[in-house]
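Chain residues, written in single-letter form:
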Amino acid sequence: MSSALTDLCRHPIVQAPMAGGASCPPLAAAVAEAGGLGFLAAGYKTADGMYQEVKQVRGLTSRPFGVNLFMPQPHTADAAAVEVYRHQLAGEAAWYETPLGDPDSGRDDGYEAKLAILLDDPVPVVSFTFGCPTRDVLASFAKAGTLTVVTVTTPEEAQAAQWAGTDAVCVQGVEAGGHQGTHRDDPESDGAGVGLLTLVALIRETVTLPIVAAGGLMRGGQIAGVLAAGASAAQLGTAFLVAPESGASALHKQAMTNPLFVRTELTRAFSGRPARGLVNRFMREHGPYAPAAYPEVHHLTSGLRKAAAKAGDPQGMALWAGQGHRLARELPAGQLVEVLVAETDSARAALALGGGR
């Protein structure tokens, strides 16, 4: 807890930035007010949309918070494979009575415009997913007084982030819900992700940066475990997804503990990049055939996912969830932070005594 990052909040609990609507201003503000570090997800939003949410959070809390950005993606997709997948999804488009999206709708997620806004009107923390910014970008944020965090999934990625000059790394284990934040999307590495505790240990011996541990964390005992393993803080997404302040749809929230959804898997079905979600019909039918093509597949299926949600059909939605989803508790975000802190303190006390649960 000696890093500048954890000095921003009373408790070593970070609310994960969940793109797609869950990490909205009320959730980020509630977590910040409770002493954790709340996060906005700028992914899939316009630069102005991001800025409006930043202003909303500032109107709800004076506490520090963060903003997460998606890194621009290289042109590596096979256009022919995307076209084949488009034809495979034709039945879905007919079923939901909505057209498939344009796979060439954009690759950079408004990155440069978002950087300009966040450098002109700085927030306390900015994190990055799907790659590592240049040294110049990270140095610009340091000059602006903004702490930076780069999401990593391997020791090699952590080394690259340290060399680039980030202040901390978010170490994402394979248990994590939503997209794996790999810096390079290599289909040959599908299924080769490393569990969180092992990954924290590996990266702690590779770099000297503070570590924020993420992946499947739902209880204070788990938070105590990653802190004992060398992390400075724990990041939780699925645990906060079901909070009333979360912007996730009611169908998504209900699915977390619905016995109909018994497990999670990593899939490319919805976005073309590996992401962990509850196994449903769409994932089973299309996952085996989805190409490695992000963000092309994301754009292609965006309308389908929205139409499925509007129709009340969770079998056609991307139900992102971590491996611990069945442990979700429908508590207000601030209360959940308090419960997690109490559980963490109890577990750490037990560890200090050399026993207990």
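Below or above, wherever it landed, is the structure these notes cover. Within each chain, residues carry numbers counting from 1 in the order of the written sequence. Residues qualify for local features only when their pLDDT is at least 70, as the model is predicted, and side-chain atom pairs are given and counted only at 80 or more; totals for whole chains, interfaces and linings, by contrast, use all residues. The basis for every side-chain value is the complete set of heavy atoms in the structure, and neither hydrogens nor water enter the calculation.

**A closer look at the packing of helix α9 (residues 220–228) against helix α14 (residues 333–352)**
So, point 1. Interhelical geometry of α9 versus α14 gives an angle of 55° and a closest axis separation of 7 Å. On the basis of their axis angle, the class for α9 and α14 is oblique. Where α9 crosses over α14, the two elements pack in a sense that is right-handed. Facing Gly220, Gly221, Ile223, Ala224, Leu227 and Ala228 of α9, the residues of α14 in contact are Leu340, Glu343, Thr344, Ala347, Arg348 and Leu351.
So, point 2. Only Asp, Glu, Lys and Arg are considered charged, only Ala, Val, Leu, Ile, Met, Phe, Trp, Tyr, Cys and Pro nonpolar, and every remaining residue, Gly among them, polar. Its residues placed into classes, the contact of α9 with α14 shows seven nonpolar, three polar and two charged. Comment: axis = line fitted to C-alpha atoms, over the contacting stretch for helices; angle = value between 0 and 180 degrees taken between N-to-C directions. Secondary structure follows DSSP: runs of H or I at least 4 residues long count as helices, runs of E at least 2 residues long count as strands, and numbering of each begins at the N terminus. Oblique is the label for any angle not covered by the other classes, which are roughly parallel (under 35 degrees), roughly antiparallel (over 145) and roughly perpendicular (65 to 115). By definition, turning the near helix anticlockwise from the far helix through less than a right angle yields a left-handed crossing, and turning it clockwise yields a right-handed one. Any two residues whose heavy atoms approach within 4.5 Å at even a single point are treated as in contact.

**Digging into the sheet that holds strand β9 (residues 233–236)**
So, point 1. For two strands to count as paired, DSSP must find a minimum of two bridges between them. Taken in spatial order, the eight strands of this open sheet run β1-β9-β8-β6-β5-β4-β3-β2, and their pairing is parallel. Looking at which strands have only one partner, the edges of the open sheet turn out to be β1 (13–15) and β2 (38–41). Averaged over all neighbouring strand pairs, the angle between strand axes comes to 25°, with direction disregarded.
So, point 2. Of the strands in this sheet, β1 and β2 touch helix α1 (residues 25–33), which is tilted by about 160° from β2.

**Things to note about the side chain of Gln172**
So, point 1. With respect to the helices and strands, the residue Gln172 is situated in strand β6 (residues 168–172).
So, point 2. Burial here depends on accessible area, computed with a 1.4 Å probe over protein chains only, as a share of the maximum for the residue type. Under 20% is buried, over 50% is exposed, and the range in between is partly exposed. In this structure Gln172 comes out as buried when scored by relative accessible area, which is 9%.
So, point 3. By the criterion applied in these results, polar contacts are pairs of N or O atoms within 3.5 Å in which, for protein atoms, one can donate a hydrogen and the other can accept it, and in which residues neighboring in sequence qualify only through two side-chain atoms. At 2.6 Å, the side chain of Gln172 and the backbone nitrogen of Gly181 are in polar contact.
So, point 4. In this view, Gln172 contacts Thr151, Val152, Thr153, His179, Gln180, Gly181, Leu199 and Ala214; residues no more than four positions away in its chain are not counted.

**Quick look at unusual backbone geometry**
So, point 1. That bond from Tyr294 to Pro295 is cis: its omega, 10°, falls within 30 degrees of zero.
So, point 2. Following the sequence through the fold, Pro295 ends up in the loop between α12 (281–286) and α13 (296–310).
So, point 3. Phi at Tyr44 is positive, roughly 70°, even though this residue is not glycine.
So, point 4. Of note in the backbone geometry, Phe130 takes a positive phi value of approximately 75° without being a glycine.
So, point 5. Inspection of the secondary structure assignment puts Phe130 in the loop between β4 (125–129) and α6 (135–144).

**Quick notes on α9**
So, point 1. Taken together, the buried positions of α9 are Gly220, Ile223, Ala224, Val226 and Leu227. The arc enclosing the buried residues of α9, seen along the axis, measures out at 165°, which places them on a common side.
So, point 2. In the core, the buried residues of α9 are packed alongside β1, α8 (196–204), β8 (211–214), β9 and α14.
So, point 3. Two residues or fewer past α9, Gly230 is found with a positive phi of approximately 120°. This arc describes the spread of directions from the helix axis toward the C-beta atoms.

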